[in-house]
Amino acid sequence: MVYCESIVKSLSVEDKYKQRFSNIVSKDSPGKSFGFTQRIHDTLCIDMDLVEIDNGGDSDNTMDLVVGIAQYDNYRQSFSNKRFLPVELKLNCKSFAGITKKELVRKDRHTRDILNGYSAVVDLHSAFIFPEEVAPSAKNSKSRWNQEANSGNLKNWDMMSPIEYNTYIHFVEDYPYNPQTDINDIKNKIAKLFSNNDIDGLIKFIDYYTKKAEGHKRKYNMNECRAIATALSDSIESLVGKSQDTDVDEYLSMLCEDIESLKIF
């Protein structure tokens, strides 16, 4: 469940409905952060209450917002299965007393109906956020509701506090690129070949992985190309000046310049 801003930007609704999470929170609670991280506050959302009001409805009938999420492939660094997650904010309630299953079901269903009208894909889950001291009661009540008749969809409801929501939504930066090539192995072998004074073997090894990087570049696997090229150039730079043969140093420097060009896309 990784935050995906592009699906929010591409939804065919007026820009005024596309609001940062912090702006939506501020409508009912000016100046309060409730413990949400800055990156949560910065997420772009659809203000569902505003959509409903402009359509002549009652904001009590909708979830507060929907946020864009997707599956994320950190090898290709691309999104798939883009969809919207409905989120209800109950940040100012003092207790769970008076909140009914019927009320929350109505909000969730109506929000999904509106999004269906825009041909938007909606996640099976819905998030309901309560103050830290109220969230446990919300979870307990939801567990009881699960046992009641006609509560099948409630299994996909997630009751939580703001602190829990901070880790419920993930971000691209949580998934740094993970090269398929063993980068440490490249560095270790280059160092070993050099320490053994096997310069011919070293040059062949560097040439082999340079061609591997070039192959990834031709296939537009830019991140893998950059990872290999960086490993090669960093290793070579660490060796320049350590050889007693100036010709070797000059040749390594020349190789390094060629490899650096692979990092430019």
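Below is a short write-up of the structure.

Each value, and the rule that gives it
- Residues numbered from 1 in each chain as written.
- Predicted model: local features only at pLDDT ≥ 70, side-chain atom pairs only at ≥ 80, totals over all residues.
- Heavy atoms only, no water.
- Core = buried A, V, L, I, M, F, W, Y, C linked by side-chain atoms within 4.5 Å.
- Buried < 20%, exposed > 50% of the residue type's maximum accessible area, 1.4 Å probe, protein only.
- Helix = DSSP H or I, 4+ residues; strand = E, 2+ residues; numbered from the N terminus.
- Salt bridge = Lys/Arg side-chain N within 4 Å of Asp/Glu carboxyl O.
- Axes fitted to C-alpha atoms, helices over the stretch in contact; angles between N-to-C directions.
- Parallel < 35°, antiparallel > 145°, perpendicular 65-115°, else oblique.
- Left-handed = near helix turned anticlockwise from the far one by under 90°.
- Contact = heavy atoms within 4.5 Å.
- Nonpolar A, V, L, I, M, F, W, Y, C, P; charged D, E, K, R; others polar.

**Points about the nonpolar core**
Of all hydrophobic cores here, the largest spans 38 residues; its most connected members are Ile-46, Val-67, Tyr-165 and Ile-169. Residue contributions to this core peak at five residues, all from strand 4 (residues 65–73). In terms of nonpolar packing, the next biggest core, distinct from the first, is built from 27 residues, Tyr-209, Ala-227, Leu-239 and Leu-255 among them.

**Quick look at the pattern of salt bridges**
Per the stated rule, a full pass over the model turns up 17 salt bridges. Lys-9 is paired through a salt bridge with Glu-5; the nearest N and O atoms lie 3.2 Å apart. In this pair, Lys-9 and Glu-5 are both assigned in helix 1 (residues 5–10), four residues apart and thus about one turn of the helix distant. For Lys-9, a relative accessible area of 52% gives the class exposed. Lys-90 is paired through a salt bridge with Glu-88; the nearest N and O atoms lie 3.7 Å apart. By the burial criterion, Lys-90 is buried, and Glu-88 matches it. Bridged by salt links that share partners, the residues Glu-88, Lys-90, Glu-103 and Lys-107 form one connected network.

**Brief notes about the packing of helix 8 (residues 183–195) against helix 9 (residues 199–218)**
Where helix 8 contacts helix 9, the two axes come as close as 8 Å, and the packing angle between them is 160 degrees. With respect to their mutual orientation, helix 8 and helix 9 come out roughly antiparallel. For the pair helix 8 and helix 9, the crossing hand works out as left-handed. When helix 8 is examined against helix 9, the residues Ile-186, Lys-189, Ile-190, Leu-193 and Phe-194 are found in contact with a partner set consisting of Ile-199, Gly-201, Leu-202, Phe-205, Ile-206 and Tyr-209. Its residues placed into classes, the contact of helix 8 with helix 9 shows nine nonpolar, one polar and one charged.

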